[in-house]
Amino acid sequence: MSEQNAAPAATIEQDTVISLVDMNKWYGDFHVLKNINLNVQRGERIVICGPSGSGKSTMIRCINQLEEHQTGSILVNGQELTSNTKALERVRKDVGMCFQHFNLFPHMTILENLILAPIWVRKMPRKAAIELAMNYLERVNIAEQSEKYPGQLSGGQQQRVAIARSLCMAPKVMLFDEPTSALDPEMIKEVLDVMEELANDGMTMLCVTHEMGFAKSVADRVIFMDGGEIVEENEPDAFFNNPQMDRTQLFLSQILSH
Ligand SMILES: Nc1ncnc2c1ncn2[C@@H]1O[C@H](COP(=O)(O)OP(=O)(O)OP(=O)(O)O)[C@@H](O)[C@H]1O
Ligand SMILES: [Mg+2]
């Protein structure tokens, strides 16, 4: 291949943040993820939905290797995920994760929770880590809570802290797994607002959520999973107004009837 032909391919590669190619995973005999193919471009906002047990969390957890896949490949920033520890560490630094339960350390203040990884993983001086942490706490509108402990905050506040904590590691992509599903209704909006701001700032995001309003207003693409497969994907308008597959139609009729 000539130099000229090689250049565009390199550009495409650079803009693909996550790539799953024919990826399969089993739990024992149970085939939980079946031939998953997914490319996520830089700056893309993707919402993943589907019935309970369809494999959404497992797929998200495979991307930062909290779970191992068995066949096919997963690439993050062009780096293939293998059991090579060094490569794994590098990938984990690039991938921020925010779960349903916030997983903050209860015995540490909010600020201490935020500066832990920058100091220990990124080797940042304490003063710089504090400055960084306070910046992100301000960004999620919670700077005044920095000296409190997680148990003294509401669920919505804790989730915003969890998002700020991920951002302190300067991730190139954020993975969300039902970040609002454990929250009381009045707190859901404050977390979705923070996520929307993050999206507007250009963060690449993969988000498992059933907040269809968020999907409609923020997502570039909605992915529907069922039975361990990606059944359908489309931009939000087409996905919601003109779903192609019976399974998607059934799922949408169920969740939208609430
Ligand atoms: N550690 C495990 N060992 C065995 N089976 C598992 C394990 N974790 C998940 N599963 C099974 O894998 C399937 C997919 O689970 P997963 O948590 O990915 O679904 P989900 O789409 O995230 O569901 P939900 O909407 O309820 O969160 C389910 O059938 C689940 O029971
Ligand atoms: Mg799940």
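Residues numbered from 1 in each chain as written. Chains lettered and ligands numbered in written order. Predicted model: local features only at pLDDT ≥ 70, side-chain atom pairs only at ≥ 80, totals over all residues. Heavy atoms only, no water.

Looking at an unreviewed UniProt entry, one finds the protein chain named ABC transporter ATP-binding protein, with Kiloniella litopenaei as its source organism.

Novice: I would appreciate a short explanation of the sheet that holds strand 4 (residues 71-76) in the present structure.
Specialist: Pairing within the open sheet is antiparallel, and its four strands lie in the order 2-1-4-5. The open sheet terminates on both sides in strands that have one partner only, identified here as strand 2 (30-41) and strand 5 (79-80). As paired strands, strand 1 (residues 16-27) and strand 4 are joined by five bridges and run antiparallel to one another. Across the sheet, residue Asn 24 finds its bridge partner in strand 4, namely Thr 71. Packing of helix 2 (residues 56-63) onto the sheet brings it into contact with strand 1, strand 2 and strand 4, and relative to strand 1 it is tilted by some 120°. (Pairing = 2+ DSSP bridges. Helix = DSSP H or I, 4+ residues; strand = E, 2+ residues; numbered from the N terminus. Contact = heavy atoms within 4.5 Å. Axes fitted to C-alpha atoms, helices over the stretch in contact; angles between N-to-C directions.)

Novice: Before we go on, may I ask you to explain the layout of surface pockets in this structure?
Specialist: One water molecule sets the probe size; rolling that probe over the atoms shows where empty space is left. Reported here for the largest pocket is a volume of approximately 650 Å³. Those elements that provide at least two residues to the lining of the largest pocket are helix 3 (85-94), strand 6 (95-98), helix 4 (110-120) and helix 6 (155-167). Looking at the lining of the largest pocket, the element that brings in the most residues is strand 6, giving four residues. Split into classes, the residues belonging to the lining of the largest pocket amount to twelve nonpolar, five polar and four charged. (1 Å grid on protein atoms, 1.4 Å probe; cavity = no way out; pocket = protein on both sides within 12 Å on 5 of 7 lines; lining within 4 Å. Points joined across faces, edges and corners; volume = space filled by probe spheres on them. Nonpolar A, V, L, I, M, F, W, Y, C, P; charged D, E, K, R; others polar.)

Novice: Just checking my understanding: could you explain the side chain of Thr 209 for this structure?
Specialist: One can find Thr 209 in the loop between strand 8 (204-208) and helix 8 (212-218). Setting aside anything within four residues of it in sequence, one finds Thr 209 in contact with Val 47, Ile 48, Cys 49, Thr 180 and Phe 214.

Novice: Hey, could you run me through the pairing of strand 3 (residues 45-49) in this one?
Specialist: Residues in a regular strand project their side chains so that they alternate between the two faces of the sheet. Here strand 3 lies mainly inside the structure; five of its five residues are buried. Of the pairings in the sheet, the one linking strand 3 to strand 8 comprises four bridges and is parallel in character. Among the inter-strand pairings, Val 47 is bridged to a residue of strand 8, identified as Cys 207. By the bridge criterion, four bridges tie strand 3 to strand 9 (residues 221-226) in an arrangement that is parallel. Residue pairing across strands places Val 47 opposite Val 222, the latter belonging to strand 9. (Buried < 20%, exposed > 50% of the residue type's maximum accessible area, 1.4 Å probe, protein only.)

Novice: Where do I start with empty space enclosed by the protein in this structure?
Specialist: Tallied over the entire structure, the rule returns two cavities of 30 Å³ or more. Of the pockets and cavities examined, the largest cavity occupies roughly 40 Å³. Every residue along the wall of the largest cavity is listed here: Arg 139, Val 140, Leu 167, Val 194, Glu 197 and Leu 198. By residue number, the principal contributor to the lining of the largest cavity is helix 7 (residues 185-200), which donates three residues. A class-by-class count of the residues in the lining of the largest cavity yields four nonpolar, no polar and two charged. The calculated volume of the second largest cavity comes to roughly 30 Å³. What lines the second largest cavity is simply Arg 45, Ile 46, Val 47, Met 205, Cys 207, Phe 214, Val 218 and Ala 219.

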